[in-house]
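# Chain and residue survey
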Amino acid sequence: LLVFTPLFYHLPLTVLAAIVMTAVVRLIDIKGLRRLWRVRKSDALLFLFTFAITSFVGMQSGIAAGVVASLVLFVQRTTQPHHAVLGRLDGTQNYRNLRYFPDAITSPGVAIWRFDASFYFANADFFRDQVDALLASGSGKDVRALVLDASGINDLDASGEAMLQGIVKRLADTGILLRMANVKGPVRDVMARGGLREAIGEDNFFFSVHEAVVAAESNLAESPKIEEDDV
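The rules we used
Residues numbered from 1 in each chain as written. Predicted model: local features only at pLDDT ≥ 70, side-chain atom pairs only at ≥ 80, totals over all residues. Heavy atoms only, no water. Core = buried A, V, L, I, M, F, W, Y, C linked by side-chain atoms within 4.5 Å. Buried < 20%, exposed > 50% of the residue type's maximum accessible area, 1.4 Å probe, protein only. Helix = DSSP H or I, 4+ residues; strand = E, 2+ residues; numbered from the N terminus. Contact = heavy atoms within 4.5 Å. Salt bridge = Lys/Arg side-chain N within 4 Å of Asp/Glu carboxyl O. Expected span 1.5 Å × (residues − 1). Pairing = 2+ DSSP bridges. Polar contact = N/O pair within 3.5 Å; in protein donor to acceptor, adjacent residues only side chain to side chain.

### Regarding the nonpolar core
- Ranked by size, the top nonpolar core spans 32 residues in total, and within it W113, F115, F119, F127, L146, M180 and M191 carry the most contacts.
- Among the elements of the structure, β3 (110–115), α5 (124–136), β4 (145–149), α6 (158–173), β5 (177–181), α7 (185–194) and α8 (196–200) are those that each provide at least two residues to this core.
- The element that contributes the greatest number of residues to this core is α5, accounting for six residues.
- Once residues lying within four places of it in the same chain are set aside, the contact partners of M180 are L148, M191, I200, N204, F205, F206 and A212.
- Counting residues in hydrophobic clusters, the runner-up holds 15 residues, among them A84, V110, A181 and A215.

Below you can see the structure in the form of structure tokens.
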């Protein structure tokens, strides 16, 4: 660039364009794009979106658009995170997503649910809606106990704690038992400071999902089912 640039001065623009295109073509990774599309289509679409803006508008606009789109995608994933209804694998104490293991064993009257994200203000309403949807579904109408697998919850903020307070109260009012499993230390600390741990009950926290399910089944066996006519 410092020494030979003057030599390119008299070259036709078409020749210069050919030189640039030859260099740029090597930067286009079709194989990488195919792999992105195969592994996760949303990442591939983000790649194509950034490439299009960069190609037709400009480099700075393309980079800015890519950053904004990545943030939007990140927010969308954290506000509507993955969650799963679980069942026990036959002959084990392991619980897995019923969507991928439809033959997993479920417990009558006990719903086992896992939330795979930090629980904070942006997804608190989503958490509540999913709990309501689970209990209102066809398989959830006979639910008398809810086991929450908190192994995927790494953090809990004040909004999430307040939402859990409301859920705990609603479950108690409707006679549905709540059992917590795999709650991590930092999350338990937040629960303790807000009074949630006391509201749930120290005896209702368990180190594994299986322990929580066994306890819930035992509690249901000891207490008679409340019929609608009795309310």
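### Observations regarding the pattern of salt bridges
- Taken as a whole, this structure holds eight salt bridges when the rule is applied.
- Between D43 and R77 there is a salt bridge whose closest N-O contact spans 3.3 Å. Of this pair, D43 sits in helix α3 (residues 41–56) while R77 sits in helix α4 (residues 59–79), and the two are 34 residues apart along the sequence.
- The exposure class assigned to D43 is partly exposed, which follows from its relative accessible area of 28%.
- According to the relative accessible area criterion, R77 is partly exposed, its value standing at 29%.
- Between R188 and E202 there is a salt bridge; the shortest N-O distance is 2.9 Å. With a gap of 14 residues between them, R188 in helix α7 and E202 in the loop between α8 and β6 (205–206) connect regions that are remote in the sequence.
- Residue classification places E202 among the partly exposed residues on the basis of a relative accessible area of 44%.
- Three or more residues joined by partner-sharing salt bridges are found here, namely D125, R128 and D129.

### A few points about α4
- Given a rise of 1.5 Å per residue, 21 residues ought to cover 30 Å, and the 30 Å separating the end C-alpha atoms of α4 matches this to within 8%.
- Among the residues making up α4, those that are buried are G62, A65, G66, T78 and T79.
- Residues of α4 that are buried sit in contact with α3 and α5.

### Observations concerning unusual backbone geometry
- Of note in the backbone geometry, N182 takes a positive phi value of approximately 60 degrees without being a glycine.
- The residue N182 is located in the loop between β5 and α7 in this model.
- Take N182: its relative accessible area is 24%, and that puts it in the partly exposed class.

### Quick notes on the sheet that holds strand β2 (residues 95–97)
- Spatial ordering of the open sheet is given by β2-β1-β3-β4-β5-β6, a layout of six strands whose pairing is mixed. Bordering the open sheet on either side are β2 and β6, each of which pairs with just one other strand.
- Summarising the sheet, strand β1 (residues 83–88) and β2 pair through three bridges and their orientation is antiparallel. Residue pairing in the sheet places L86 in a bridge with N97 of β2.

### A look at the side chain of N97
- When you line up the elements, N97 lands in strand β2.
- Judged by relative accessible area, N97 falls into the buried class, the value being 9%.
- A polar contact is formed between the side chain of N97 and the backbone nitrogen of R99, at a distance of 2.9 Å.
- When sequence neighbours within four positions are dropped, the list of residues in contact with N97 reads H82, A84, V85 and L86.

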